[in-house]
Amino acid sequence: MPGNFYTVRCPDCENEQAVFGKAASTVPCAVCGTTLATPTSGKAVFEGEVLDTVERRERTDTIAGESEAQ
């Protein structure tokens, strides 16, 4: 699943929460319920302050059932 996660600070209670950048539904704060992100047709719109970006990492391990030496 391509996309990034963002650490967003709630504007009401200042809770910091990880939010997917392409959220498909409204994301409420886990502490107070304030909306942190609203979905659009692409990237989500963040209501709180974005503190950090956690970029998607490429998978480096082997998939179960595949041998490393082919």
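- As recorded by an unreviewed UniProt entry, the protein carries the name Small ribosomal subunit protein eS27 and is attributed to Halococcus dombrowskii.
- As recorded by UniProt, the Subunit (unreviewed entry) comment attached to the protein reads in full: "Part of the 30S ribosomal subunit."
- In its Sequence similarities (unreviewed entry) section, UniProt records this for the protein: "Belongs to the eukaryotic ribosomal protein eS27 family."

**Observations concerning the pattern of salt bridges**
Pairing is possible between side chains of opposite charge, provided their charged atoms come close.
Move 1: Under the criterion given, the structure shown has two salt bridges.
Move 2: Residue E16 is joined to R9 by a salt bridge in which the shortest nitrogen-to-oxygen separation is 3.1 Å.
Move 3: By relative accessible area, which is 45% here, E16 ends up partly exposed.
Move 4: By relative accessible area, which is 26% here, R9 ends up partly exposed.
Move 5: Of the charged contacts in the structure, one is a salt bridge between R9 and E49, with a shortest N-O distance of 3.4 Å. With R9 in strand β1 (residues 5–9) and E49 in strand β6 (residues 49–54), this pair connects stretches of sequence that are 40 residues apart.
Move 6: Shared partners join several salt bridges into a network, and the residues in it are R9, E16 and E49.

**Some thoughts on the sheet that holds strand β2 (residues 16–20)**
Move 1: Read from one edge of the open sheet, three strands run β2-β1-β6, paired in antiparallel fashion. What marks the edges here is a single partner per strand, and that holds for β2 and β6. Averaged over neighbouring strand pairs, the angle between their axes works out to 30° when direction is ignored.
Move 2: In the sheet, β1 pairs with β2 via five bridges, with the strands oriented antiparallel. The partner of V8 across the bridge, within β2, is Q17.

**Some thoughts on the UniProt feature "binding site: Zn(2+)" (unreviewed entry) in the protein**
Move 1: With numbering aligned to this structure, UniProt lists the feature "binding site: Zn(2+)" (unreviewed entry) at C10, C13, C29 and C32. The named residues occupy 23 residues along the chain; their greatest pairwise C-alpha distance, 8.8 Å, places them in one compact cluster.
Move 2: Mapping C10 onto the fold places it in the loop between β1 and β2.
Move 3: Note on C10: relative accessible area 1%, which makes it buried.
Move 4: Leave out the neighbours within four places in its chain, and C10 touches N15, C29, C32, T34 and L36.
Move 5: Of note, C29 is situated in the loop between β3 (27–28) and β4 (35–38).

Basis of the calculations
- Residues numbered from 1 in each chain as written.
- Predicted model: local features only at pLDDT ≥ 70, side-chain atom pairs only at ≥ 80, totals over all residues.
- Heavy atoms only, no water.
- UniProt positions renumbered as here; feature names shortened; annotations may be inferred.
- Salt bridge = Lys/Arg side-chain N within 4 Å of Asp/Glu carboxyl O.
- Buried < 20%, exposed > 50% of the residue type's maximum accessible area, 1.4 Å probe, protein only.
- Helix = DSSP H or I, 4+ residues; strand = E, 2+ residues; numbered from the N terminus.
- Pairing = 2+ DSSP bridges.
- Axes fitted to C-alpha atoms, helices over the stretch in contact; angles between N-to-C directions.
- Contact = heavy atoms within 4.5 Å.

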